[in-house]
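What follows is each chain in one-letter form.
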Amino acid sequence: MSDHSFETRAIHVGQEPDPTTGAAVVPIYQTSTYVQDEVTVHKGYEYSRTDNPTRTALQEVLASLEGAAHGLAFASGMAATSTMFSLLKPGEHVVLADDVYGGTYRLLAKVLSEWGVAFDAVDLTDLDAVRKAIRDETRMLWAETPTNPLLKVVDIEAVSAIAHEAGPIRVVVDNTFATPYLQNPIALGADVSMHSTTKYIGGHSDVVGGALCLDDEETYDRLKYLQNAAGAVPGPMDCYLTIRGLKTLAVRMEAHCRNAMKVAEFLFGHPRVTKVHYPGLSDHPGHELAKRQMRDFGGMVSFELASEAEALDVARRTELFFLGESLGGVESLIEHPGRMTHASVAGSPCEVPDTLLRLSVGIEHPDDLIADLEHALA
Ligand code: PLP
């Protein structure tokens, strides 16, 4: 199966017809326990926190799409992040991208720091700053690219090489915005690709989940142990919904990227818009890198207006773009990061401009989306 293309693997890997019934779709194994033939003699499943066949299917297809040996599914993106951070010990240090998802920053700043884990938030597009931020105690470099919400593009190959030369540092890339369809961090030298599967992978705004994909056996064994020991696992229904979403990831991403480019070009030409952040625009500082590193530029577009009041007004006035948090679903969303998704980073190095709006461009007809924005900006 590994020699098949992305689209084919998304539909078939881990999803062989059910051996007992022939069901063409992986069943929702809604069970907490499994009957054993004799004490400890069973069919590979004992208890659903430890393993569940619907979750196994999801983990196998996720790993395949990331080109990784292993995949682990979690109850949310933050559960995946938190399990990854559990590898850190008191006294160790993390180099963090300075505009990561607010929840990732919050977990380090408000929780892990109380357990003696230190971190520095730096602009990972500045490779000298990355070199300077690494200390003897650094054990993890956490990147996000394109970043949320400023859509900066980080050179995964370069930061991975710097980290690996400097010491035993695990490089984790939050690949939520790009998805495995547009970018494969492990092939570029990262150790772990992390996802909030809540977003494009689920794709329909109806399920919350997370994932870690990786090659290294030792790290996998420890994370698999923690997945069971800490227990932040997704239920079988959530795994089923995520698998169903994954089957159409490739076609959805093509449509998201096409629409986002049109929306970005429209905003770029609009007199009230002071700045557009989209790696597909040739004036974006990460445009050339994104062309090398990604298959396309993604479905997220951020833009700025002259004042916060204007930004809040536009967010209130769109109709097709629902005002809401999250991203990556088939429906378009608009939000004000400063007061919504990134409110928890106010006053920190990760603070975002209050004039900024973020769009998750859905797969509706692009003319309708542009007309909606035109009306809201009028
Ligand atoms: N990473 C990114 C880039 C996100 O946008 C989010 C959520 O918005 C997360 C991680 C956290 O994922 P979840 O909400 O599934 O816990």
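Source: prediction; values computed, not measured.

Focus: the confidence of the model for the chain
Taken over all residues, the pLDDT of the chain has a mean of 96, while the share at 70 or more is 100%. Mean pLDDT per element in the chain: helix α4 (residues 102–111) is the minimum at 93, and strand β7 (residues 210–214) is the maximum at 99.

Considerations on the site of the ligand
Around the ligand, a shell composed of 13 residues is seen, among which Met 78, Asp 174, Ser 196, Thr 198 and Lys 199 lie nearest. In the model, an oxygen atom of the ligand is placed 2.9 Å from a nitrogen or oxygen of the Gly 77 main chain. A distance of 2.6 Å is found between an oxygen atom of the ligand and a side-chain nitrogen or oxygen belonging to Thr 198. Protein contacts shield 91% of the accessible area of the ligand, which totals 390 Å² for the unbound molecule. For the shell around the ligand, the per-class residue count stands at three nonpolar, seven polar and three charged.

Details of α4
The complete set of buried residues in α4 reads Gly 102, Gly 103, Thr 104, Tyr 105, Leu 107 and Leu 108. Buried-residue contacts for α4 involve α3 (77–85), β2 (93–97), β3 (118–122) and β4 (138–144).

With respect to the side chain of Glu 304
Mapped onto the secondary structure, Glu 304 falls in strand β9 (residues 300–304). The side chain of Glu 304 is buried and forms no salt bridge, while Lys 275, the nearest opposite charge, is found at 5.3 Å. Looking at Glu 304, its side chain comes within polar contact range of the side chain of Thr 355, at 3.2 Å.

Here's the deal with unusual backbone geometry
With an omega dihedral of -10°, the bond running from Thr 145 to Pro 146 counts as a cis peptide bond. Here Pro 146 shows up in the loop between β4 and α6 (156–166). Asn 148 connects to Pro 149 through a cis peptide bond whose omega is 10°. Examined against the element boundaries, Pro 149 turns out to sit in the loop between β4 and α6.

Brief notes about α3
Along α3, seven of the nine residues are buried, which leaves the element largely enclosed by surrounding structure. Among the residues of α3, Gly 77, Ala 79, Ala 80, Thr 81, Thr 83, Met 84 and Phe 85 are the ones counted as buried. Measuring from the side-chain oxygen of the N-cap residue of α3 to the backbone nitrogen of Met 78 gives 3.4 Å; that N-cap residue is Ser 76.

Let's talk about the side chain of His 336
Along the chain, His 336 turns up in the loop between β11 (333–335) and β12 (356–360). Polar side-chain contacts of His 336 include one of 2.8 Å to the backbone oxygen of Asp 354. When neighbours within four sequence positions are excluded, His 336 is seen to be in contact with Glu 308, Ala 311, Leu 312, Thr 341, Asp 354, Leu 356 and Leu 357.

Brief notes about the sheet that holds β12
Strands pair in a sheet through their backbones, by hydrogen bonds, and they do so in one of two ways: parallel or antiparallel. The five strands lie next to each other as β8-β9-β12-β11-β10, forming an open sheet whose pairing is mixed. Sheet topology places β8 (275–277) and β10 (322–323) at the edges, where each strand pairs with a single neighbour. Note: β8 against β9, three bridges, orientation antiparallel. Within the sheet, the bridge partner assigned to Lys 275 lies in β9 and is Glu 304. Its contacts with the sheet place helix α10 (residues 249–268) against β8, β9 and β12, and it is angled at close to 10° to β9. Packing of helix α12 (residues 308–317) onto the sheet brings it into contact with β10, β11 and β12, and relative to β12 it is tilted by some 25°.

Some details on the pattern of salt bridges
Taken as a whole and judged by the stated rule, the model has 12 salt bridges. We note a salt bridge from Asp 37 to Lys 43, for which the minimum N-O separation is 3.9 Å. This pair shows no difference in class: Asp 37 is exposed, exactly as Lys 43 is. Glu 288 serves as the salt-bridge partner of Lys 291, at 3.6 Å between the closest nitrogen and oxygen. Highlighted residues: Lys 291 and Glu 288, both in helix α11 (residues 287–293), separated by three residues, approximately one helical turn. What emerges from the salt-bridge pattern is a single network uniting Asp 98, Asp 123 and Lys 152.

Thoughts on the pairing of β2
With five of its five residues buried, β2 lies for the most part within the structure. Where β2 meets β3, five bridges bridge the pair, whose relative direction is parallel. If you follow Val 95 over to β3, its bridge partner there is Asp 120. A crossover links β2 with its parallel partner β3, the connecting element being α4, and its sense is right-handed. Two strands pair when backbone bridges link them, and β2 and β4 are joined in this way by four bridges, in the parallel orientation. Bridge pairing in β4 links Val 95 to Leu 141.

Overview of the packing of aromatic side chains
Inspection of every chain in the model, using the stated rule, returns five aromatic pairs. Judged by centre distance (4.9 Å) and plane angle (50°), the rings of Phe 85 and Trp 142 are tilted. Placement of the pair is Phe 85 in helix α3 and Trp 142 in strand β4, with a sequence separation of 57 residues. Note on accessibility: Phe 85 and Trp 142 belong to one class, buried. Positioned above the aromatic ring of Tyr 181, the side-chain terminus of Arg 295 is 4.0 Å from the ring centre.

The rules behind each value
Residues numbered from 1 in each chain as written. Predicted model: local features only at pLDDT ≥ 70, side-chain atom pairs only at ≥ 80, totals over all residues. Heavy atoms only, no water. pLDDT = per-residue confidence, 0-100. Helix = DSSP H or I, 4+ residues; strand = E, 2+ residues; numbered from the N terminus. Near = heavy atom within 4 Å. Polar contact = N/O pair within 3.5 Å; in protein donor to acceptor, adjacent residues only side chain to side chain. Areas by Shrake-Rupley, 256 points an atom, 1.4 Å probe, with all protein chains shown as cover. Nonpolar A, V, L, I, M, F, W, Y, C, P; charged D, E, K, R; others polar. Buried < 20%, exposed > 50% of the residue type's maximum accessible area, 1.4 Å probe, protein only. Contact = heavy atoms within 4.5 Å. Lys, Arg positive; Asp, Glu negative; His and termini not counted. Salt bridge = Lys/Arg side-chain N within 4 Å of Asp/Glu carboxyl O. Pairing = 2+ DSSP bridges. Axes fitted to C-alpha atoms, helices over the stretch in contact; angles between N-to-C directions. Right-handed = clockwise from strand over helix to strand, strands pointing away. Phe/Tyr/Trp six-rings, centres within 6.5 Å; stacked < 30°, edge-to-face > 60°. Lys NZ or Arg CZ within 6 Å of the ring centre and 35° of its normal.

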